[in-house]
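Examination of the molecular architecture
Residues per chain, in single letters:
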Amino acid sequence: MVTLSVIVAMCDVRDYCRTALKSLALNAREDFEFIVVDDGSVDGTSEILREMVPRIPGAVLIRNQYNLGISATRNIGLSAARGRFFTFLDGDDWYAPGYLAQLVGWMGESGVDFLRTGHVRVYGRKRKIVMAPLAPRALPLNPTDYIGPVDASTFMDYPQSWAGIYDRERLLEADALFFDETLRTAEDRPWFYKLHLRTRSFGVVDLHGIFYRRDVSTSLTKVPDERQLDFLPAFRLIFDELDRHPRGYELSFKAMRTLCALIVIHMDRAESYEELIRGLLLERSAQILRDLPQDVLEGTLSGMDSARVNKLRALISRHQGAAAR
């Protein structure tokens, strides 16, 4: 019986994948499997994977002939998974020795549908421990109760799917297992809303054995192209999900607050985008704000600081004026 499946997406991570693979070897156990999915790498990653993966106990290698993106790649791994539980590792990150055994131990004791952890953020040689957002530790919790509050950092602001472990059967029963393959970035946000709205319980533990590299030049977060705008359709999916839930209206204020904050962040760095992408950002941002429930938008803006509210109102006004001409 396989207890844990680790889904490892790899795409053009030649300089980092050896560290990730070595950490899998240091966490290997007879009842663990490592599903490494090469998403059409072209930088030499594939050659390293073909050499190293067969030497890791419990590891299998799947290769996408073409780059399919993170959502489809993780879904391929999830479809192949046999474990009672699963988790993720990105190709430029790594685990501490023995971390996965601790993670499975906590999950087995808790009996929850999914469990969230902290992580270690890596900036070159610097390390910083990041705690999961405030919640009672090692207790079963109602996932819906931890979407809010609106004005505090919550699990909806901590959308790192690799900082957690999940019960595969329970997520499958809840139709919450797979990612939306239309999203090239921001795929974790609607996935976590599904988990919090459709599952029965979750927990939080103070484990920090996954190391997350920041400022990696090949990371999608560093590429200022149209894929960065997928947070906008991601929030359309979130609002669709909320619309089907009995507490959806109440919880939609948290989603709107996050959306507004993200739009302002992207507007503030819009100069780094090409002119075409910058135009699409402004047009699509204004459009989604206009399409979503206006009472929720107005209620959200009333609780935000004036600097961000002025930017958002100016954006909406410009778009409405352009649409009217």
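As shown above, the structure is provided for reference.
Presented here is a report on the structure given in the accompanying data block.

Thresholds, definitions, all that
Residues numbered from 1 in each chain as written. Predicted model: local features only at pLDDT ≥ 70, side-chain atom pairs only at ≥ 80, totals over all residues. Heavy atoms only, no water. Helix = DSSP H or I, 4+ residues; strand = E, 2+ residues; numbered from the N terminus. Buried < 20%, exposed > 50% of the residue type's maximum accessible area, 1.4 Å probe, protein only. Pairing = 2+ DSSP bridges. Axes fitted to C-alpha atoms, helices over the stretch in contact; angles between N-to-C directions. Contact = heavy atoms within 4.5 Å. Right-handed = clockwise from strand over helix to strand, strands pointing away. Core = buried A, V, L, I, M, F, W, Y, C linked by side-chain atoms within 4.5 Å. Salt bridge = Lys/Arg side-chain N within 4 Å of Asp/Glu carboxyl O.

**A short note on unusual backbone geometry**
A cis amide bond links glycine 148 with the next residue in sequence, proline 149, at an omega value of 5°. Notably, aspartate 12 is not glycine yet its phi reads approximately 50°, a positive angle. Position of aspartate 12 among the secondary structure elements: in the loop between strand S1 (4-10) and helix H1 (17-25). In this structure aspartate 12 comes out as partly exposed when scored by relative accessible area, which is 24%. One non-glycine residue with positive phi stands out, namely aspartate 175, at about 55°. Within the fold, aspartate 175 resides in the loop between helix H5 (168-173) and helix H6 (188-198). For aspartate 175, a relative accessible area of 55% corresponds to the exposed category.

**Regarding the sheet that holds strand S4 (residues 85-90)**
Pairing is mixed across the open sheet formed by seven strands, whose spatial order is S3-S2-S1-S4-S9-S6-S10. In this open sheet, the two strands that pair with only one neighbour each are strand S3 (59-64) and strand S10 (202-204). Pairwise comparison of adjacent strand axes, ignoring direction, gives a mean angle of 20° for this sheet. Across three bridges, strand S6 (residues 114-116) lies against S10 in parallel orientation. If you follow leucine 115 over to S10, its bridge partner there is glycine 203. Strand contacts of helix H4 (residues 99-110): S1, strand S2 (32-39), S4, S6 and strand S9 (164-167), with the helix running at about 45° to S9, the strand carrying the most contacts.

**Considering the pairing of S2**
In terms of burial, S2 is a largely internal element, eight of the eight residues being buried. Burial along S2 is two-sided: Phe32, Phe34, Val36 and Asp38 facing one way and Glu33, Ile35, Val37 and Asp39 facing the other are all buried. Inspection of the sheet shows S1 paired to S2 by seven bridges, in the parallel sense. Along S2, the bridge assignment pairs methionine 10 with aspartate 38. With H1 bridging S1 and the parallel S2, this β-α-β connection has right-handed handedness. Bridging between S2 and S3 involves six bridges; their strand directions are parallel. The residue of S3 that forms the bridge with aspartate 38 is arginine 63. In this view, the connection linking S2 to its parallel neighbour S3 by way of helix H2 (residues 45-52) has right-handed handedness.

**Some details on the nonpolar core**
With 98 residues, the main nonpolar core has Leu24, Leu259, Ile263 and Leu289 as its most contacted residues. Broken down by element, this core gets its largest block of residues, 10 residues, from helix H8 (residues 248-268).

**Side note on the pattern of salt bridges**
Inspection of every chain in the model, using the stated rule, returns 27 salt bridges. Glutamate 47 is the partner of arginine 50 in a salt bridge, and the nearest nitrogen-oxygen pair spans 3.6 Å. Taken together, the residues arginine 50 and glutamate 47, both in helix H2 and three residues apart, mark about one turn of the helix. Residue class for arginine 50 comes out partly exposed when judged on its relative accessible area of 49%. For the salt bridge of glutamate 226 with arginine 284, the shortest nitrogen-to-oxygen distance reads 2.9 Å. Taken as a pair, glutamate 226 in the loop between strand S11 (210-213) and helix H7 (231-243) and arginine 284 in helix H9 (residues 275-291) lie far apart in primary sequence, 58 residues in all. Exposure remark for glutamate 226: the relative accessible area of 29% places this residue in the partly exposed category. In this structure arginine 284 comes out as partly exposed when scored by relative accessible area, which is 33%. Taken together, the salt bridges that share partners define one network made up of Arg74, Asp90, Glu187 and Asp188.

**Brief notes about the sheet that holds S11**
The four strands lie next to each other as S5-S11-S7-S8, forming an open sheet whose pairing is mixed. With partners counted over all chains shown, the strands left at the sheet margins are strand S5 (94-95) and strand S8 (126-130), one partner each. The pairing of S5 with S11 spans two bridges and is antiparallel. The residue bridging tyrosine 95 from the neighbouring strand is isoleucine 210, located in S11.

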